[in-house]
Amino acid sequence: MVAAFMQYPFDLFRKEIIESLRPILDSLGYMDEIRLETPPSPEMGDLSFACFPLSKIVKKPPSDVAKDIANKVSPKEWIDHTDASGGYVNFFINVERLVSHTIDVILMQDKTYGSLEKKQKKVIVEHTSANPNGPLHVGRARNPILGDTLVRIYRYTGYDVESQFYVDDLGKQVAILAWGVKNIKPETLPKTDRDKPDHLLVRFYQQAYKLMSENKEVAKEINEIVKLCERGDEETIRMVRDAFEPALQGIKQSLAELDIHFDRFVPESQFVKDKSVDEVVEALKKTEYTGKEDGAWYIDLKPFGVSGRNTKFFFTRSDGTTLYATRDVAYHLWKAKHADILINVLGEDHKLEAKQVEIALKLIGAKTIPKAVFYSFVTLPGGKMSTRRGRVVYLDDLIDEAVARAFEEVKKRRGNELTEEKIKHIAKLVGLGSIRYNILKIQPEKDIVFKWEDALNFEGYSAPFIQYAHARASSILRKMPSPGKVDVKPLTHQQEIALVKLLARFPDVIKEACGNNRPNLIANYLYDLAAQFNQFYRDCPVIKAENKKLRDARLALVQATSITLRNGLYLLGISAPEEM
RNA sequence: GGGCGCGUGGCCUAGCUUGGAUGGGGCGCUGGCCUUCUAAGCCAGCAGUCGCGGGUUCGAAUCCCGCCGCGUCCGCCA
């Protein structure tokens, strides 16, 4: 058992620099926090300190200040030497120490390399929360992929995490579906090519929606269902739930394909049944921003910086029933009781609603305010996706297509050496990995126009590129296992050093990705790491290294790389094939 | 009309929170590398007014103001 949590090399290096710099800077009258940056290229150093602000204080040119400081810093355990250029003090790490320490840590921690110490804090990540009225389409697929990745990242960073899917069982969408299931004869509906409950059910929804728009009677009946649900009528809620439950199962199935699972499904009706939403209403009625219009209660959001045509946030209807956002407030109060940090993954269309909930929570004195991660829509080249109009690409179709495409690719390359079964297995890992990666590599706030060629990208900046690097490493280790703890002094080739330096950065990347809710940083990093490994692979023969010492050292490095790639891919929910 | 987000080579994208040292990648295109650990790879080349205009600064893709374009929201819907 690994007793103590080993400290990561770059943390130690950074710490040493700051300790050396502090007294020097103090004596020059610079009291600010010391911020270190990474030079643009490794030849210039491993970390640097900019002297521009300091040059003002001491009234000397930055280059002179940098030179003075560089001369005063002496080599230590981690600082090998310093250098001044262009107004920067550049610090070079002790490479020999870095190499041995980094490889030691990685081989020792193995599956936990990059993870951080336990935080003793609970996080609830709410994501997906899609209306269970049909299959997930790719327009919404960003949500579960981002959400699940955040769950993984928070766990790895040391938090206790629970993932939640908020089931909107009181909404109009599910009421329409329930009406359809009850009133529409299945044989009148078009056939589906997919025998999966969500695909079968969405036809009822689409048809019921159509009838509702054409026929006032139908609309009335559907509204009646909604009303009964909102009042907490057990029988109606059960009827609706029975209607949508299979669709939810279908959604779960699709997500399971992508290795996405939830710890808890929370039905919206829970907060009507336990009356907690009524408590929210009572509390909101008492604020100084509260008003009433035709019997409906609202909060004026204008003083909170919300603007637009209408700034009133209605939290009851004139008949006293609550609205979606009101119940969402109750849900968040409940979550706050069970966690220290709340993360919500939401589409950009929910920005105002999230703001309403946040303001309401503050007004009634909630101590934990959720942090939202918004993502922009995935659209089709012709515009938005729409389940109603059938203008959609379903996630299931994307999955099938990705796996099929991957199958062709594997077959093309390895068809004559691998069994059909093995090809299928690899194709699945590659196809599914590509879907996740192609979403995760892009910042959430950027719009994505769905194009098959991008979604199924298998080369360059893609999952298979990284998986391939891992497979290459595995292939070497399969032929000749790493001897474990060895003397890594022979690792002096520039590709080896560059590779180790990247490996050592992994924990920083995770910390950064978690702190800012930005999984794309990990996606980026893994690409860089894989690319660097490919260069090492080209220049440094491992099995046929000149001598046994070098070979063993390189094997350890390959092992360390394979561990880091695998851990990183795991965080993104992508599998690391040993062969492809 | 107002709020929020986005705008980087033909296409996609990193960097923007915390301003600094030559703006990184990928796709596509052109040319080269498989008798050596899997070529889903590697190397070289072509390709950029960082939407436009102003400002702050020793220094702006990054901060501030204005404008333009795209997305999204402004329901007693969810």
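Conventions adopted
Residues numbered from 1 in each chain as written. Chains lettered and ligands numbered in written order. Predicted model: local features only at pLDDT ≥ 70, side-chain atom pairs only at ≥ 80, totals over all residues. Heavy atoms only, no water. Near = heavy atom within 4 Å. Polar contact = N/O pair within 3.5 Å; in protein donor to acceptor, adjacent residues only side chain to side chain. Helix = DSSP H or I, 4+ residues; strand = E, 2+ residues; numbered from the N terminus. Nonpolar A, V, L, I, M, F, W, Y, C, P; charged D, E, K, R; others polar. Domains from an automatic or database assignment. Contact = heavy atoms within 4.5 Å. Buried area = accessible area lost by both parts, 1.4 Å probe. Expected span 1.5 Å × (residues − 1). Bend = angle between axes of the 7 residues up to and from the residue. Buried < 20%, exposed > 50% of the residue type's maximum accessible area, 1.4 Å probe, protein only. Pairing = 2+ DSSP bridges. Axes fitted to C-alpha atoms, helices over the stretch in contact; angles between N-to-C directions. Core = buried A, V, L, I, M, F, W, Y, C linked by side-chain atoms within 4.5 Å.

## A closer look at the protein's contact with RNA strand B
Reasoning step 1: Taken together, 75 residues lie around RNA strand B, and Arg35, Asp168, Gln443, Ser475 and Arg518 are the ones closest in.
Reasoning step 2: Sugar plus phosphate: this is where 62% of the atoms of RNA strand B within 4 Å of the protein reside.
Reasoning step 3: In the model, a sugar or linking oxygen of RNA strand B is placed 3.1 Å from a nitrogen or oxygen of the asparagine 534 side chain.
Reasoning step 4: Broken down by secondary-structure element, the contributors of at least two residues to the surface near RNA strand B are helix H2 (52–58), strand E3 (88–93), helix H12 (324–338), helix H13 (351–363), helix H14 (395–414), helix H17 (463–479) and helix H19 (520–539).
Reasoning step 5: Grouping the constituent residues of the surface near RNA strand B by class yields 29 nonpolar, 18 polar and 28 charged.

## Re the domain arrangement of chain A
Reasoning step 1: Examined at the domain level, chain A breaks down into domain 1 (9–93), domain 2 (127–268 + 330–379) and domain 3 (395–571).
Reasoning step 2: Taking the mean C-alpha position of each, domain 2 and domain 3 sit 34 Å from one another.
Reasoning step 3: Contacts between domain 2 and domain 3 engage 37 residues on the former and 30 residues on the latter.
Reasoning step 4: Interface area, domain 2 with domain 3, both sides summed: about 2,900 Å², of which 61% is carbon and sulfur.
Reasoning step 5: In terms of surface lost to domain 3, no three residues of domain 2 exceed Arg142, Tyr156 and Leu258, which account for 21% of the buried area on that side.

## Quick word on helix H9 (residues 234–257)
Reasoning step 1: Taking 1.5 Å per residue as the helical rise, H9 with its 24 residues ought to reach 34 Å, and the 33 Å between its terminal C-alpha atoms agrees with that figure.
Reasoning step 2: Where H9 bends most, at phenylalanine 244, the angle is about 35 degrees, and the proline proline 246 comes one to four residues later.
Reasoning step 3: Within the span of H9, buried status applies to Thr236, Ile237, Val240, Ala243, Phe244, Ala247, Leu248, Gly250, Ile251, Ser254 and Leu255.
Reasoning step 4: Backbone geometry just downstream of H9 places aspartate 259 in the positive-phi region, at approximately 65 degrees.

## Structural notes on unusual backbone geometry
Reasoning step 1: Of note in the backbone geometry, glutamine 120 takes a positive phi value of approximately 60 degrees without being a glycine.
Reasoning step 2: Locating glutamine 120 in the fold gives a position in the loop between helix H4 (95–109) and strand E4 (122–126).
Reasoning step 3: The backbone of serine 129 shows a phi angle near 40 degrees, a positive value even though the residue is not glycine.
Reasoning step 4: Relative to the assigned elements, serine 129 resides in the loop between E4 and helix H5 (142–156).
Reasoning step 5: Among the residues examined, serine 129 registers a relative accessible area of 21% and is labelled partly exposed.

## Considering the sheet that holds strand E1 (residues 47–50)
Reasoning step 1: Across the sheet, which stays open at both edges, the 3 strands sit in the order E1-E3-E2 with antiparallel pairing between neighbours. In the strand order of this sheet, the two ends are held by E1 and strand E2 (79–85), each with one partner. Direction aside, the axes of adjacent strands within the sheet are offset by 20 degrees on average.
Reasoning step 2: Where E1 meets E3, 4 bridges bridge the pair, whose relative direction is antiparallel. When the sheet's bridge partners are listed, leucine 47 is paired in E3 with phenylalanine 91.
Reasoning step 3: Of the strands in this sheet, E2 and E3 touch helix H3 (residues 62–72), which is tilted by about 165 degrees from E2.

## Some remarks on the sheet that holds strand E7 (residues 290–293)
Reasoning step 1: With respect to topology, 3 strands assemble into an open sheet ordered E7-E8-E9, the strand pairing being antiparallel. Looking at the sheet topology across the chains shown, the edges are occupied by E7 and strand E9 (312–314). Averaged over all adjacent pairs, the angle separating strand axes in this sheet is 40 degrees, with direction ignored.

## Points about the side chain of serine 20
Reasoning step 1: Positionally, serine 20 belongs in helix H1 (residues 9–28).
Reasoning step 2: Apart from the residues lying within four places of it in its own chain, the contact partners of serine 20 are Val73, Lys76 and Ile79.

## Overview of the nonpolar core
Reasoning step 1: Ranked by internal contacts, the top residues of the largest apolar core, which has 169 residues, are Phe13, Leu21, Phe49, Ile69, Phe91, Phe450 and Ile522.
Reasoning step 2: Excluding its chain neighbours within four sequence positions, the residues that come into contact with phenylalanine 13 are Asp46, Leu47, Trp78, Ile79, Phe91, Phe92 and Ile93.
Reasoning step 3: One finds Phe407, Val410, Leu418 and Ile426 within the second-largest nonpolar core, a separate group that totals 11 residues.

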